[in-house]
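Summary of structural features
In case you want the letters, here they are:
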There are 2 protein chains.
Amino acid sequence: MFQKESFMARMIAAKTRNSVKTRSHILGVAFEEIYRHGFRGASVNSIIDKTELTKGAFFHHFPTKEALGYAIADEILVSLIMDRWVRPLDNYENPLEGISHNFKKIIETTPEEHLGFGCPLNNLVQEMAPEDPVFSKKLNSALEKWIEGIELNLKRAQKRGFLRSGVHLRRLAEFIVMSHEGAFGMVKMLRDRKVFFGLQATLRDYLKTLQI
Amino acid sequence: MFQKESFMARMIAAKTRNSVKTRSHILGVAFEEIYRHGFRGASVNSIIDKTELTKGAFFHHFPTKEALGYAIADEILVSLIMDRWVRPLDNYENPLEGISHNFKKIIETTPEEHLGFGCPLNNLVQEMAPEDPVFSKKLNSALEKWIEGIELNLKRAQKRGFLRSGVHLRRLAEFIVMSHEGAFGMVKMLRDRKVFFGLQATLRDYLKTLQI
């Protein structure tokens, strides 16, 4: 009996692992497709084709396109933001320098093709926030995590004596995140890395005026 | 014969006037609909309903949704940009102050509902630039007129001794336009006029650091 239960438990665990794997495989494929074509422009059939799953298996995980979009906002965008824009700042003694330098590094490593795709968060915000309140709430919470992460780093900069006191930290954090999104949004059309670097350099120069 | 020709000519002129009027009526209605729902989200049938024209009359002017979108980019967006963001700067002795003050005035007069709609140019850029090269070219040219308009004003500011020499004017103009688009894009989701004013104030503070 114990043997049997243990076998059953192992089966269930394996099935769960496979299910988690399939789900995250679908999310990865869908993220790419939506990043390239927008939420409404992305085709569910083309996503299913690329996952190489049956329609049944696919719809078992995500019965609607919305469910897929919401899961991307909750599970992919937040971790992408933290990994790209917030956590790397831990490596800098001066977080203000970190913010400029990390932005520069990301521009340097953005593949040519991706310049024309913009920022995955900004794309969804611009397309879906006014149309779908659930989407809007989820995107809002992703954006909020970014702003909070930057604000915490500004606090750290102030504590360490790199940033002038009297600066409104929340407002500056909003401006920094807005500049990133604005830059991605503008370069999405211009597809010009030089403009991208110019925008980053201007933000860097501004942050320098706030340093002690 | 002369009488008859003159009558014909008057008929043609009247018809042309009506045609121009109808066309601009359609463009106005379509602009509103696309501003609210995005290009792909806007329904041509709903636009036709709101124009109160027959389908035949409508399609005579704009045989496709694309034709409608392109005409909006060429004819509406450019004049909107010039009227809102460039021409008002003529009224300021110091164009740097003009840029901040004009932005503030526009935030103050943006209706509550419009906060959630974003910037008409930015919306189309984010949605359509990667999908449609013709659209992209037209939107690009509208954006370029905005950047050039700001750059000319920065030149004027430098000439009049308000702006430090050595500032890269094109780059600063790109940053200013990017900040406007970024701010509209962020507020589109947050729908928070306080954040909007905060972003404007931060840009103003930055411009002040460049003043003489």
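One structure accompanies this document, and this report is about it. (Residues numbered from 1 in each chain as written. Chains lettered and ligands numbered in written order. Predicted model: local features only at pLDDT ≥ 70, side-chain atom pairs only at ≥ 80, totals over all residues. Heavy atoms only, no water.)

1. Considerations on the packing of aromatic side chains
Residue and element names in this part refer to chain A. Counted under the stated rule, the structure contains 24 aromatic pairs over all chains. Plain terms: the ring middles of Trp85 and Phe103 are 5.8 Å apart, the flat faces sit at 70 degrees to each other, and that makes the pair edge-to-face. Taken as a pair, Trp85 in helix α4 (residues 65-86) and Phe103 in helix α5 (residues 95-109) lie far apart in primary sequence, 18 residues in all. Pairing Trp85 with Phe184 gives two aromatic rings, centres 6.0 Å apart and planes at 90 degrees, and the pair type is edge-to-face. Taken together, the positions of Trp85 in helix α4 and Phe184 in helix α9 (residues 169-190) put the pair 99 residues apart, joining distant regions of the chain. Each member of the pair, Trp85 together with Phe184, is buried. An aromatic cluster is built from Trp85, Phe103, Trp146, Phe184 and Phe196, whose rings are joined through pairwise contacts. The ring of Phe39 has Lys65 lying over it, and the distance from NZ or CZ to the ring centre is 5.1 Å. (Phe/Tyr/Trp six-rings, centres within 6.5 Å; stacked < 30°, edge-to-face > 60°. Helix = DSSP H or I, 4+ residues; strand = E, 2+ residues; numbered from the N terminus. Buried < 20%, exposed > 50% of the residue type's maximum accessible area, 1.4 Å probe, protein only. Lys NZ or Arg CZ within 6 Å of the ring centre and 35° of its normal.)

2. Some words on the interface of chain B and chain A
The interface is formed by 43 residues belonging to chain B together with 43 residues belonging to chain A. Summing both sides of the interface, chain B and chain A together bury roughly 3,600 Å²; the carbon and sulfur share of this comes to 66%. Area buried by chain B at its contact with chain A is led by Gln126, Met178 and Met189 of chain B, which between them contribute 20% of it. Between chain B and chain A we count 0 salt bridges in total. Along the contact surface separating chain B from chain A lie 6 residue pairs in polar contact (both at pLDDT 80 or more). Elements with a minimum of two residues in the side of chain B that touches chain A: α1 (2-37), α6 (120-128), α7 (133-159), α8 (169-190) and α9 (193-209) of chain B. In terms of residue count, the dominant contributor to the side of chain B that touches chain A is α8 of chain B (14 residues). Counted by class, the side of chain B that touches chain A contains 19 nonpolar, 15 polar and 9 charged residues. (Contact = heavy atoms within 4.5 Å. Buried area = accessible area lost by both parts, 1.4 Å probe. Salt bridge = Lys/Arg side-chain N within 4 Å of Asp/Glu carboxyl O. Polar contact = N/O pair within 3.5 Å; in protein donor to acceptor, adjacent residues only side chain to side chain. Nonpolar A, V, L, I, M, F, W, Y, C, P; charged D, E, K, R; others polar.)

3. A look at unusual backbone geometry
The phi angle of most residues is negative, glycine excepted, and most peptide bonds adopt the trans form. Despite not being glycine, Glu52 of chain A has its phi angle at roughly 60 degrees, a positive value. Position of Glu52 of chain A relative to the elements: it lies in the loop between α2 (44-51) and α3 (55-61).

4. Topic: the side chain of Asn94 of chain B
Residues and elements named next belong to chain B. Structurally, the position occupied by Asn94 is in the loop between α4 (65-86) and α5 (95-109). Here Gln211 takes part through its side chain, which lies 3.2 Å from a polar atom of the side chain of Asn94. Those residues in contact with Asn94 that sit more than four places away from it in its chain are Phe162 and Gln211.

5. Examining the environment of Leu77 of chain A
Residues and elements named next belong to chain A. With respect to the helices and strands, Leu77 occurs in helix α4. Of the residues examined, Leu77 reaches a relative accessible area of 1% and is grouped as buried. For the pair formed by Leu77 and Lys138, sequence separation is 61 residues and the distance between their alpha carbons is 9.7 Å. Look past the residues within four positions of Leu77 in its chain and what remains in contact with it is Phe31, Ile72, Pro120, Leu121, Leu124 and Leu139.

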